[in-house]
Amino acid sequence: MPTKIEKDSISGRDTTGHEWDGVKELNTPLPTWWVYTFYATILFAIAYCVLYPAIPSLSGHTTGLLGYTNRAALTQSLAEQNRERAKFVDRIRASSFDQIRKDPELFNFAVSGGRSAFQTTCMQCHGAGGAGSTGFPNLADDDWLWGGKIDQIHQTIQYGIRNSNDKSRNTLMPRFGADGLLTSQQVGQVTDYVLSLSGKAKATPEGAKIFQEQCVACHQADGKGNQEMGAPNLTDGLWLYGGSRDAVYRTIFYARNGSMPAWGERLDDATIKMLALYVHTLGGGK
Amino acid sequence: MDGGNAPLYATRIKVYPRAVTGRWRRLKWAALGLLLGIYYLVPWLRWDRGPEAPSQAILLDLDGRRGWFFDTVIWPQEVYFITGLMILGAIGLFLASSLFGRVWCGFACPQTVWTDLFMLVERWIEGDRNERMRVDKAPASAAKIARKTAKHIAWLAIAAATGGAWVFYFVDAPSTLRKIFTGEASTEVYFFVGLLTVTTYTLAGWAREQVCTYMCPWPRFQAAMLDEQSVIVTYQKWRGEPRGKHKAGDTWEGRGDCVDCRLCVNVCPTGIDIRDGQQIECIGCGLCVDACNETMRKVDRPLGLIRWDTLARQEAREKGKAAPWRPVRPRTILYAALFAVVAIVMAVAFFLRTTADLSAQRDRSPNFVRLSSGDIRNSYTIKIANKGQHERRFALELQGLPGAMLAVANVPGENPILPVHADSVGTFRVLVTVPAGEAPSGSHSIEFRALDETGVSTTHASVFVGPTR
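Calculation notes
- Residues numbered from 1 in each chain as written.
- Chains lettered and ligands numbered in written order.
- Predicted model: local features only at pLDDT ≥ 70, side-chain atom pairs only at ≥ 80, totals over all residues.
- Core = buried A, V, L, I, M, F, W, Y, C linked by C-beta atoms within 7 Å.
- Buried ≥ 20, exposed ≤ 12 C-beta atoms within 10 Å, placed from the backbone.
- Pairing = 2+ DSSP bridges.
- Helix = DSSP H or I, 4+ residues; strand = E, 2+ residues; numbered from the N terminus.
- Axes fitted to C-alpha atoms, helices over the stretch in contact; angles between N-to-C directions.
- Domains from an automatic or database assignment.
- Contact = placed C-beta atoms within 7 Å.
- Nonpolar A, V, L, I, M, F, W, Y, C, P; charged D, E, K, R; others polar.

Draft legend 1. Molecular detail of the nonpolar core. Ala110, Met274 and Leu275 of chain A together with Ile382 of chain B are the most contacted members of the largest nonpolar core, which totals 49 residues. Core analysis: the second largest hydrophobic core is formed by 32 residues, Phe94, Val231, Ile232 and Tyr235 of chain B among them.

Draft legend 2. Expanded view of the sheet that holds strand β3 (residues 66-69) of chain B. All names here are of chain B. Strands sit in the order β2-β3-β4 across an open sheet of three strands; the sheet is antiparallel. With one partner strand each, in any of the chains shown, β2 (58-61) and β4 (72-74) form the two edges of the open sheet. Strand-to-strand twist across the sheet, computed as the mean angle between neighbouring axes with direction ignored, equals 10 degrees. Here β2 runs beside β3; their pairing, made up of four bridges, is antiparallel. Counted as the bridge partner of leucine 59 is tryptophan 68 from β3.

Draft legend 3. Looking closely at the domain arrangement of chain B. Residue and element names in this part refer to chain B. Each assigned domain of chain B is listed with its residue range as follows: domain 1 (11-353) and domain 2 (356-466). Taking only C-alpha atoms into account, the centre of domain 1 sits 55 Å from that of domain 2. Between domain 1 and domain 2, the residue contacts involve six residues of the former and five residues of the latter. Of the residues assigned to the side of domain 1 that touches domain 2, the class counts are three nonpolar, one polar and two charged.

Draft legend 4. Geometry of the domain arrangement of chain A. Residues and elements named next belong to chain A. Assigned domains of chain A: these are domain 1 (72-166 + 261-281) and domain 2 (184-254). Tallying the contact residues gives ten residues for domain 1 and nine residues for domain 2. Considering only residue class, the side of domain 1 that touches domain 2 consists of five nonpolar, three polar and two charged.

Draft legend 5. View of the sheet that holds strand β12 (residues 417-420) of chain B. Residue and element names in this part refer to chain B. Taken in spatial order, the four strands line up as β12-β10-β14-β15 in an open sheet, and their pairing is antiparallel. A single partner strand is all that each edge strand has here, and the edge strands are β12 and β15 (457-466). In this sheet, neighbouring strand axes are inclined to one another by 30 degrees on average, regardless of whether the strands run parallel or antiparallel. When strand β10 (residues 392-399) meets β12, the two strands line up antiparallel, connected through four bridges. Paired with arginine 393 across the two strands is proline 419, which belongs to β12.

Structure, rendered in structure tokens:
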């Protein structure tokens, strides 16, 4: 509480009259214009509250004269983004794969677009970067069920595998054991033959005979498979459903018929093209 | 209990600085001309960089994310060069302050320079101190209103030119100048021209010394850089006092040299009396030195009653002794050494800077791929930044992994050549395949190297991961 205003002997200034344990405060008044800047901030706050959404009520809030909302601003910036992207997307739609691959700028855009589409729609089964897992093919290796050329990849993505689409890739491996086509013993013998193709077991003449009778139609006489039929190569060391004797036995006994949606029914043409280019660059593209 | 007669707010006392001539005033004019010349003219310097690059010598292209400085192009990741320049500026300021006090405030600060320019215009239009004070007190008249209007129009014109020059550092000057007048310039350009116009007009026309006294933090902490050996504006109290009026022919015995003409107060741009000693409002411009010398010449007394000197020397002189100026002292050595270290680091970094940068990011999903032949493959995203102004073709090599084969997606050939456009980053997907038998177990260090046709090379260390055996 101000008690005694006195003149400070050194500075010649008045004190405020405040004193704390002998320490006295000099009166150094604020310039008047400084106070006006404070009033200006109050006016700014009032104007802001009038123009922008500001005051909450029980059922909502004041909307402000400018009608600004974050959501509308987001929608607008997304629309701007899409307009920018449309230039490239239109070119991708109109160009062949060869044309796209000869234009580095367009190619990089397509691969980036494909990557983000892959992470939304494909990663759930095929893993990030196309790493795959048991039952879901690795897209980064050179082993292809239905072909690794860009057009083949494009067709697979567009129409899918074993789904209700008329053009989907559609073949069926018989359930050799479960449907009684082979006995358990015969399944065991052909399992050993299949494993022998990659040097993992010893073949028996019985197994070779069964293979020639039942399997070569799709997997070919040398066991290297047929991409027209989606029949995998059995001679490499890569196994989609596991390469143990038990896993191969189960594959022959119950069959494996993996499926994939026809993405052409859900995604636009340009996105499918970008996905095909992205998958093709993952490493296994022919 | 309202504090008696102690007011909470102080009304501003208007300062009417008087014109002055002399050595320091000339130096201040020279500094003003040089600094404003640099500020207004630099954006108009042209520099030929070929058809696809801007032809402005100094341009900070925020949209394009490039800083153009003659033949040097600064990319966003090299912004430390600009940071380094700012650090050099700060340390240089510390050094200058410890040697010469507030030279920055008095001669080089934009606030001082533009205020000085605005005062010059004011003096041309409204006359010198006495004339301005007389007109301000006089009632409104047509002549008064005409002069005031003319002054504010002139001020606004300078302020607009200042705002214009500011944006020219960020956009192409000639085309933007045309667009500003034809109404085609972007909203951002108009906004910043407007903003800088308003701040220049307000700060240099109206706020003036209030900025230095109340707004600027620099006078507050520069006290830490000054000491009794810093050269500052001093009043030789021991020689000037007791002050008093002096008539020609009167004796100088028993009195000081100060004739109390108040010229030093009248010329001061912050309106203080230097004879009260050091004070926070003093910006160290030395105009009172010129003013006092003018008077000393008239009354035929030795010059330098108000002079540039150190506090230590003034104390010694008061006792009739001589003391040397000591510019070399621990703090100046420290500032100079810091300045030198930063300058050397910057120079080394600048000369070691290459016009190409390589980076390699390895795919971790899948960590590695086993091919049907059993070979092991790793994939990398390689980025090559071409900071030059011409398209370059880089040969990519891999070192540290015998037997490895390198392939680039979408680029044919065993030893692919990677083209990268001028002033851009090329992104490539690189596949490295090692025969089954030669694949390393676990992580193995490798190095990518990109070499352009002129022999400029850049490397990036990475790893190759194989199945753990």
